[in-house]
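Structure assessment
The chain contents come next:
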Amino acid sequence: MQTIIKTKGLIDVNSAGVIPQQYVTVQGTAISAVGPLDNMPAPDPDTDILDCRDQYILPGLVNCHAHTGTFYGKDDADFEDFANYPHELLAMAAARNVQAEVESGVTTLRDCSGHNGVVFSLRTAIEKALVMGPRLVASGRCLTIPEGHCHFIGIQVDGPDNIARVVRQQIEAGADFIKIMATGGGTKGTLPGQASFSVPEITAACEAAHRLGKNVSAHCRGIPGIRNAIEGGVDHIEHADFELPDGRLAFDPLLAEKIADRKIYVTPTIQLYRDLVVAGQRNKARGNLSAAEEKYLSVLQQALDEKFRAMEGLLQAGVQCVAGNDAGLPNTPFGGFWRELDAMVKGGMTPIEALTAGTRTGAEAMGLFSETGSIEAGKQADIIAVDQDPTVDIAALGKVSMVMRAGKVCKKG
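Let me begin by describing the structure that accompanies this report.

Cut-off values and rules
- Each chain has its residues counted from 1, running along the sequence as written.
- Reporting of local features is limited, given that this is a predicted model, to residues whose pLDDT is at least 70; pairs of side-chain atoms are given and counted only at 80 or more, and all residues count toward the totals for whole chains, interfaces and linings.
- In computing side-chain values, all of the structure's heavy atoms are included and hydrogens and water are not.
- Here the aromatic set is Phe, Tyr and Trp, taking the six-membered ring for Trp, and pairing holds for ring centres within 6.5 Å; pairs whose planes are under 30 degrees apart are stacked, those over 60 apart are edge-to-face, and all others are tilted.
- Burial here depends on accessible area, computed with a 1.4 Å probe over protein chains only, as a share of the maximum for the residue type. Under 20% is buried, over 50% is exposed, and the range in between is partly exposed.
- We call a charge positioned over a ring when the NZ of a Lys or the CZ of an Arg lies within 6 Å of the ring centre and within 35 degrees of the ring normal.
- In this analysis a 1.4 Å probe is tested at points of a 1 Å grid over the protein atoms alone, and where it fits but cannot get out there is a cavity; an open set with protein on both sides within 12 Å along at least five of seven lines is a pocket; lining residues have an atom within 4 Å of a point.
- Grid points are joined across faces, edges and corners, and a volume is the space filled by probe spheres set on the points.
- Where helices and strands are cited, they refer to DSSP runs of H or I of at least four residues and of E of at least two residues respectively, numbered from the N terminus.
- Residue type decides the class: Asp, Glu, Lys and Arg count as charged, Ala, Val, Leu, Ile, Met, Phe, Trp, Tyr, Cys and Pro as nonpolar, and the leftover types, Gly among them, as polar.
- Contact definition: two residues touch when any of their heavy atoms are within 4.5 Å.
- We call a set of buried residues a nonpolar core when its members are Ala, Val, Leu, Ile, Met, Phe, Trp, Tyr or Cys and they connect through side-chain atoms within 4.5 Å of each other.
- The pairing criterion is simple: DSSP has to find at least two bridges between the two strands.
- Fitting a line to C-alpha atoms yields each axis, with helices limited to the stretch in contact; the angle taken between N-to-C directions then spans 0 to 180 degrees.
- In these notes the angle categories are as follows: under 35 degrees is roughly parallel, over 145 is roughly antiparallel, 65 to 115 is roughly perpendicular, and the rest is oblique.
- Here a crossing is called left-handed whenever its near helix is offset anticlockwise from the far helix by less than a right angle, and right-handed whenever the offset is clockwise.
- Classification remark: right-handed applies to a crossover when, strands pointing away from the viewer, the course from the first strand over the helix to the second runs clockwise.

Another point: the packing of aromatic side chains. Applying the stated rule across the entire model yields two aromatic pairs. Their ring planes at 70° and their centres at 4.9 Å tell us that Phe242 and Phe251 sit as a pair that is edge-to-face. A relative accessible area of 0% means that Phe242 is categorised as buried. Classification of Phe251 by relative accessible area gives partly exposed; the value is 24%. Over the ring of Phe369 we find Lys379; its NZ or CZ atom is 3.2 Å from the centre of that ring.

Okay, structure coming up:
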């Protein structure tokens, strides 16, 4: 089956510009040709024409940080509660989550820890077209210290030998990459500002994964954990909050330079802080906040301001930043990934730089740029269309009118 897309403008993340009046030919699942509309060959009679001549097309978006197998009932208090639901129910929620994500324009999604039985089965269901969703790159269960961050969905490990063994087991089970919790996080009783694993432990995880051709990503909120992750040889850092033991965020330019020197990718995950602030402000307007909660809202606002400052500092240091919004947390639903790109623009990127972070660079970080991340002949036909030029206003991504994933139209109109 051949499809030709005619477009007003093609967002080219390789040249960082908009190429006007283009056509894209899709043969089966892949792009077979790209060129000027004036030079478009006459189509075969059975060719399907997608007329986007009043729209702009760009590569499908790449969300580098989400948790698909999450579900919150109306009585749930926080993000730990979803782990109490049976896997069958979580699988149903995950199918709903990935459908919302692909319909919003995300054609590649990186799941950064969840129940193996849910996430790996979801990946297979998408591959077999049982569920409509993006290409899913999954870590399966994260590695965490005993009672550490996300212990309720992770594997609790301790010591280099134990860690190396579990890494091999996870890869054998189907992990596309390894996720380790290098600091505490939102899990009650954990310490975000402190390192969870030692350098030798992280090194053991990285050496075991790298021998099997897999990357390692580290959840790092605090500065000590970031230091250990860098020295241990991780490929990717999630969050990079530069948090101190007392809870304050303080960007460290020297650490950022080390991250850049080691060519470690960073997912800043700014939007989740914006979502928390908005939720807090909403509750405050309703008169639902206690004095302690009002104080916490003030802390969150300061943290958000520091996240934006850190984003500017990471860019100045030359760090390769990718986009991921931590979708699956209670206040950060699936289907709103474009807001993370908007946050990255506010943090110092131009719209085309944010688009590149959310397409090409994300694909590169996962080793998938030969398959996706740009609109080029030979790549998978992961293409979306929007009415306005997102290189002028990134908010244009908030209204996606067409989504094609591997040559199949998932959304139109």
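For the second largest pocket, the calculated volume is near 600 Å³. Along the walls of the second largest pocket sit 28 residues, with Glu127, Pro134, Arg135, Leu136 and Arg405 positioned nearest its centre. Elements with a contribution of two residues or more to the lining of the second largest pocket: helix H2 (116-127), strand E7 (135-138), strand E11 (216-222) and strand E16 (408-412). When its residues are assigned to classes, the lining of the second largest pocket shows 14 nonpolar, five polar and nine charged.

Turning to the side chain of Thr361, a few remarks are in order. Structurally, the position occupied by Thr361 is in helix H11 (residues 360-365). According to the relative accessible area criterion, Thr361 is buried, its value standing at 8%. With residues near it in sequence (within four places) discarded, Thr361 still touches Tyr265, Gln320, Cys321, Val322 and Thr356.

Judged by nonpolar contacts, the single largest core of 101 residues is most densely connected at Ile180, Val234, Ile237, Leu341 and Leu397. Element by element, the count of residues in this core is highest for helix H8 (residues 291-317), at eight residues. Excluding its chain neighbours within four sequence positions, the residues that come into contact with Val234 are Ile180, Ile202, Cys206, Val216, Ala218, Ala229 and Ile264. Counting residues in each nonpolar core, the second largest holds 14 residues, with Val24, Val26, Cys52 and Ile383 among its members.

Another point: the sheet that holds E7. Taken in spatial order, the three strands line up as E5-E6-E7 in an open sheet, and their pairing is parallel. Edge positions in the open sheet fall to strand E5 (61-66) and E7, since each of these has one partner strand only. The average angle at which neighbouring strand axes cross in this sheet is 15°, direction not considered. When E5 meets strand E6 (residues 106-111), the two strands line up parallel, connected through four bridges. What sits directly across from Asn63, in E6, is Leu109. Where H2 meets the sheet, it contacts E6 and E7, and its direction lies at approximately 155° from that of E7.

This model, assessed by the stated rule, comprises one cavity of 30 Å³ or more. Looking at the largest cavity, its volume works out to about 30 Å³. Every residue lining the largest cavity is listed: Asp241, Phe242, Leu249, Ala250, Phe251, Glu306, Lys307 and Ala310. Ranked by residues supplied to the lining of the largest cavity, first place goes to H8 with three residues. Each residue belonging to the lining of the largest cavity can be placed in one class, and the counts come to five nonpolar, no polar and three charged.

This part covers the environment of Asp44. Structurally, the position occupied by Asp44 is in the loop between strand E3 (30-36) and strand E4 (48-59). When its relative accessible area of 44% is taken as the criterion, Asp44 is described as partly exposed. In this structure the C-alpha to C-alpha distance between Asp44 and Thr3, which are 41 residues apart in sequence, comes to 9.8 Å.

Packed helix pairs are specified by the crossing angle of their axes together with the interaxial distance, meaning the distance between the axes. Across the interface, helix H5 (residues 223-232) lies against helix H6 (residues 253-261) with an axial gap of 10 Å and an inter-helix angle of 25°. With respect to each other, H5 and H6 are oriented roughly parallel. Crossing angle aside, the handedness with which H5 passes H6 is left-handed. Residues Ile223, Ile226, Arg227, Ile230 and Glu231 of H5 pack against Leu255, Lys258 and Ile259 of H6. A breakdown of the residues in the contact of H5 with H6 according to their chemical character gives five nonpolar, no polar and three charged.

With that out of the way, let us pick up the sheet that holds strand E15 (residues 400-405). Across the sheet, seven strands lie side by side as E3-E2-E1-E4-E14-E15-E16; this open sheet has mixed pairing. The open sheet has two edge strands, E3 and E16, and neither has a second partner. Strand after strand, the sheet turns through a mean of 30° between neighbouring axes, direction not considered. Bridge count for E4 against strand E14 (residues 383-386) is four bridges, and the pairing is antiparallel. Among the inter-strand pairings, Tyr56 is bridged to a residue of E14, identified as Val386.

On to the pairing of strand E10 (residues 178-181), then. Across a regular strand the side chains alternate sides, sitting on one face of the sheet and then on the other. Going residue by residue along E10, you find Ile178 and Ile180 tucked away on one face and Lys179 and Met181 tucked away on the opposite face as well. Chirality of the crossover, the property in question, places the unit of E10, helix H4 (residues 199-211) and E11 among those that are right-handed.

Mapped onto the elements of the fold, Arg274 is located in helix H7 (residues 271-285). Using a relative accessible area of 19% as the deciding quantity, one classes Arg274 as buried. Apart from residues no more than four positions distant in its own chain, Arg274 is found in contact with Leu304, Phe308, Arg339, Asp342, Ala343 and Lys346.

Geometric descriptors of this kind do not, in isolation, establish any biological role.
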